Amino acid sequence: MALSNRPRTVPRYGTAAGTGALAAFLLVAVGGSPMYVDWAQNHTDPTGAGGWFLRLLAWPAWRWQADEGVLATNLRAILLIVLAAVLLYLLPGPQVDRVAASGSQFLSGWGAYALAAGITALLATLLGPNGTLYAAFQAASVGVAYGFFAGWIVGLASLGGRA
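**Q** I'd like to hear about the nonpolar core, residue by residue, with values.
**A** Of all hydrophobic cores here, the largest spans 30 residues; its most connected members are Leu80, Tyr113, Tyr146 and Val154. Looking at which element gives the most residues to this core, the answer is helix H4 (residues 70-90), with seven residues. Residues in contact with valine 154, not counting those within four places in the same chain, are Gly20, Ala23, Ala24, Leu27, Leu88, Gly109 and Tyr113.

What follows is the structure, encoded as structure tokens:
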């Protein structure tokens, strides 16, 4: 048997949930990195739409310093990745809807990321220092806004996988 005729044991593309989870990880790893957060704060205009969006991408910030609040900040970044992956696997849209799979993959990825960001903000604020229910509700609204405006990236990444 020739080398080029061997059967494929590894699929050519990943699942929609897997590629979406990878995109969520990259959004948090790159957009939340201390280097990007500093750049966005120092080099973007907060009054313009582009600057606002670039600053919003820095919302799941994580950091290495062991100062006050680092647990809640890093918990937010970790929870966002984990919840996004779980919700991407649990949302049944791409598995059930075979006819319009690409549309459902996109919307399912986008919705999963928005929901994950809201839940993450809520939980990270409640579990963090001085977490009140009012502060958690306010943080959840910021998290959902982040998920809405950044979730389309995860939705697009979900299009690259098979259902």
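Let's pick the thread back up.
**Q** With reference to specific residues and values, describe the layout of surface pockets.
**A** In this structure, the largest pocket encloses a volume near 200 Å³. Along the wall of the largest pocket there are 14 residues; nearest its centre are Arg76, Ala121, Ala124, Thr125 and Ala139. Every element with two or more residues in the lining of the largest pocket is listed here: H4, helix H6 (101-127) and helix H7 (133-158). Of the residues assigned to the lining of the largest pocket, the class counts are eight nonpolar, five polar and one charged.

**Q** I'd like a description of a nonpolar patch on the surface, backed by residues and values.
**A** Taken together, the side chains of Leu115, Ile119, Leu123, Leu126, Leu127, Leu133 and Phe137 define a hydrophobic patch exposed on the protein surface, amounting to about 630 Å² of accessible area. If you list the elements that add at least two residues to the nonpolar patch, you get H6 and H7. Sort the elements by how many residues they give to the nonpolar patch and H6 lands first, with five residues. With respect to the helices and strands, leucine 123 occurs in helix H6.

What counts, and at which threshold
- Residues numbered from 1 in each chain as written.
- Predicted model: local features only at pLDDT ≥ 70, side-chain atom pairs only at ≥ 80, totals over all residues.
- Heavy atoms only, no water.
- Core = buried A, V, L, I, M, F, W, Y, C linked by side-chain atoms within 4.5 Å.
- Buried < 20%, exposed > 50% of the residue type's maximum accessible area, 1.4 Å probe, protein only.
- Helix = DSSP H or I, 4+ residues; strand = E, 2+ residues; numbered from the N terminus.
- Contact = heavy atoms within 4.5 Å.
- 1 Å grid on protein atoms, 1.4 Å probe; cavity = no way out; pocket = protein on both sides within 12 Å on 5 of 7 lines; lining within 4 Å.
- Points joined across faces, edges and corners; volume = space filled by probe spheres on them.
- Nonpolar A, V, L, I, M, F, W, Y, C, P; charged D, E, K, R; others polar.
- Patch = residues over 30% accessible without salt bridge, like charges linked within 9 Å, V, L, I, M, F, W, Y side chains within 5 Å.
- Areas by Shrake-Rupley, 256 points an atom, 1.4 Å probe, with all protein chains shown as cover.
- Salt bridge = Lys/Arg side-chain N within 4 Å of Asp/Glu carboxyl O.

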